[in-house]
Amino acid sequence: MLLFAGLECTSEEVMSRTFHIAIDGPVAAGKGTVSRLVADRLGFLYVDTGAMYRVAALLGIKAGVDLQDESTLVKLVGDANIEMRNPTSQEKDGRLTTVLVDDEDVSWEIRTEKVGQGASIVAAHPKIRQVLVKKQQQIAANQNVIMEGRDITHKVLPQAQLKIYLTGGETIRAKRRHLQLLTKGQDVSFEEVFTQLLERDQRDMNRKTDPLKIIPEDWVIDSSDFLIEQVVELIVGKARVMMGD
Ligand code: DC
């Protein structure tokens, strides 16, 4: 008998089991960067669920739809073919994941502040969440994944073997987000980024459907206390122990 994620199983069972790492946390806590690096180290698929809510917002904005109009947005999302994959060697331009909508590469278009704000409005619609949560569960069904978002530990993958809440101080997170936007050539002040970050946190934590929260099983990591590489090391180490590596 072997131990896999704390359970006794045969080697065949170990092979057939999938290992899921679920990460939740507020805006700019480093979830994306950490998840990408952990996925590369463990050979897991990285799934950025925030990108899916961003796509929903982008579709609405492009179609000139009011982002409060849930039923039109659900139809737009249902009609679109959304594909997410690891960046190919030609796409290695700093992106963490490649996102295609009807074969069009929107990986960068979804990263603006406007789309981010829109995503947090769209993410409050229960029917949008229902459609996207189902997609996320289908992706994770038969493979090892590290999936990050706001409701992964308690809604999308409640059976995940490793559940993490990655957080960080508000100022540090806003500085990180500000730098990211400046690097991408977006002209935005720190004060603007800071205010928008607080607004998004509030919206994500206070919405009625599956708000961002810490659950008792979460391993809470404050990224302000560590370098990104140290957080990656912590998670990879713990996952390996749990998988019996
Ligand atoms: O992580 P992000 O900034 O790309 O997410 C964009 C928005 O989508 C964010 O405001 C919260 C929302 N979101 C969510 O409600 N549930 C998820 N699982 C992921 C993101």
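Refer to the structure presented above.
What you see is a predicted model, and the numbers here were worked out from it, not measured in a lab.

K.L.:
Let's hear about the site of the ligand: which residues, and what values?
P.N.:
Taken together, the neighbourhood of the ligand is formed by 15 residues, with R54, S120, R129, D151 and R200 sitting nearest. Within the side chain of R54, one N or O atom sits 2.7 Å away from an oxygen atom of the ligand. In isolation the ligand has 450 Å² of accessible area, and contact with the protein removes 96% of it. Ranked by residue count, the leading element in the shell around the ligand is helix α3 (residues 49-62), at 4 residues. Within the shell around the ligand, the residues separate by chemical class into 4 nonpolar, 4 polar and 7 charged.

K.L.:
Any details on the packing of α3 against helix α6 (residues 126-140)? Residues and values, ideally.
P.N.:
Two elements in contact, α3 and α6, have axes whose closest approach is 11 Å; the angle formed by their N-to-C orientations is 140°. In terms of orientation, α3 and α6 fall into the oblique class. Crossing handedness for the pair α3 and α6: right-handed. Taken together, the residues of α6 that come into contact with α3 (itself represented by T49, M52 and Y53) are I128, R129, L132, V133, Q136 and I139. When the residues that make up the contact of α3 with α6 are grouped by side-chain class, the tally is 6 nonpolar, 2 polar and 1 charged.

K.L.:
Explain the packing of aromatic side chains to me, using residue names and the numbers behind them.
P.N.:
One pass over the structure, following the stated rule, counts 2 aromatic pairs. Both rings, one in F190 and one in F194, keep their centres 5.8 Å apart while their planes meet at 25°; by these two values the pair is stacked. Here F190 and its partner F194 are both found in helix α9 (residues 190-206), 4 residues apart, which amounts to about one turn of the helix. According to the relative accessible area criterion, F194 is partly exposed, its value standing at 24%. The aromatic ring of W219 is capped on one face by K238, whose charged end is 4.5 Å from the ring centroid.

K.L.:
Please give an account of the environment of A174 that cites residues and values.
P.N.:
On the secondary structure map, A174 appears in helix α8 (residues 170-183). Between the alpha carbons of A174 and L198 there is a distance of 8.9 Å; along the sequence they are 24 residues apart. Setting aside residues no more than four positions away along its own chain, A174 makes contact with F190, V193, F194 and L197.

K.L.:
Explain the pattern of salt bridges to me, and be specific about the residues and the numbers.
P.N.:
Under the criterion given, the structure shown has 16 salt bridges. Salt-bridge contacts for K155 lead to D210; the nearest nitrogen and oxygen are separated by 4.0 Å. Here K155 is found in helix α7 (residues 152-156), whereas its partner D210 is found in the loop between α9 and β10 (219-222), with 55 residues between them in sequence. In this structure, R207 and D204 form a salt bridge, with 3.8 Å as the shortest nitrogen-oxygen distance. Accessibility classification places R207 together with D204 in one group, the buried group. Each of K62, E104 and E109 takes part in salt bridges that share partners, so that together they form one network.

K.L.:
I'd love a proper account of the side chain of D48, names of residues and values included.
P.N.:
Locating D48 in the fold gives a position in strand β4 (residues 45-48). Take D48: its relative accessible area is 6%, and that puts it in the buried class. A distance of 2.8 Å separates the side chain of D48 from the side chain of R111, its partner in a polar contact. D48 has contacts with M84, T97, R111 and E148, leaving out every residue within four places of it along the chain.

K.L.:
I'd like a description of α6, backed by residues and values.
P.N.:
For α6, with 15 residues, the first-to-last C-alpha span of 21 Å sits near the 21 Å given by 1.5 Å per residue. Those residues of α6 lying buried are I128, R129, L132, V133, Q136 and A140. Burial along α6 is one-sided: seen end-on, the buried residues are contained in an arc of 120°. Those residues of α6 that are exposed and aimed more than 90 degrees away from the buried face are K127, Q130, K134 and Q138. On its buried face, α6 is in contact with β3 (20-24), α3, α4 (70-79), α5 (113-122), β8 (145-149) and α7.

Conventions adopted
- Numbers given for residues are sequential positions, taken from 1 along each chain in its written order.
- With pLDDT at 70 or above as the cut-off, local features in this predicted model cover only qualifying residues; side-chain atom pairs require 80 or more to be listed or tallied, and sums for whole chains, interfaces and linings still use all residues.
- Neither water nor hydrogens contribute to the side-chain values; these are computed over all heavy atoms in the structure.
- Throughout this document, a residue counts as near a molecule or strand when at least one of its heavy atoms sits within 4 Å of that molecule or strand.
- Under this definition, polar contacts are N or O atom pairs within 3.5 Å; protein pairs additionally need one hydrogen-donor-capable and one acceptor-capable atom, and for neighbouring residues in sequence, both atoms have to be side-chain atoms.
- Accessible surface is estimated by sampling points in the Shrake-Rupley manner with a 1.4 Å probe; for residues, cover comes only from the protein chains shown.
- What counts as a helix is a DSSP run of H or I of at least four residues, what counts as a strand is a run of E of at least two, and both are numbered from the N terminus.
- Residue type decides the class: Asp, Glu, Lys and Arg count as charged, Ala, Val, Leu, Ile, Met, Phe, Trp, Tyr, Cys and Pro as nonpolar, and the leftover types, Gly among them, as polar.
- Only C-alpha atoms enter the line fits that serve as axes; for helices the fit covers just the stretch in contact. Angles between N-to-C directions range over 0 to 180 degrees.
- What sets the label is the angle itself: under 35 degrees gives roughly parallel, over 145 gives roughly antiparallel, 65 to 115 gives roughly perpendicular, and the rest give oblique.
- For any pair of crossing helices, the crossing counts as left-handed if the nearer helix is rotated counterclockwise from the farther one by less than a right angle, and right-handed if it is rotated clockwise.
- We call two residues in contact whenever any of their non-hydrogen atoms come within 4.5 Å of each other.
- Think of it this way: a Phe, Tyr or Trp ring, Trp meaning its six-membered ring, pairs with another when their centres are within 6.5 Å, and the plane angle makes it stacked under 30 degrees, edge-to-face over 60, tilted otherwise.
- The classification of residues rests on relative accessible area computed with a 1.4 Å probe and restricted to protein chains. Under 20% of the type maximum is buried, over 50% is exposed, and intermediate values are partly exposed.
- Both a distance and an angle decide whether a charge sits over a ring: NZ of Lys or CZ of Arg must be within 6 Å of the ring centre and within 35 degrees of the ring normal.
- Salt bridge criterion: a side-chain nitrogen from Lys or Arg within 4 Å of a carboxyl oxygen from Asp or Glu.
- By definition here, a helix of n residues has an expected span of 1.5 Å times n minus one.
- As used here, the arc is the angular range of directions from the helix axis to the C-beta atoms.

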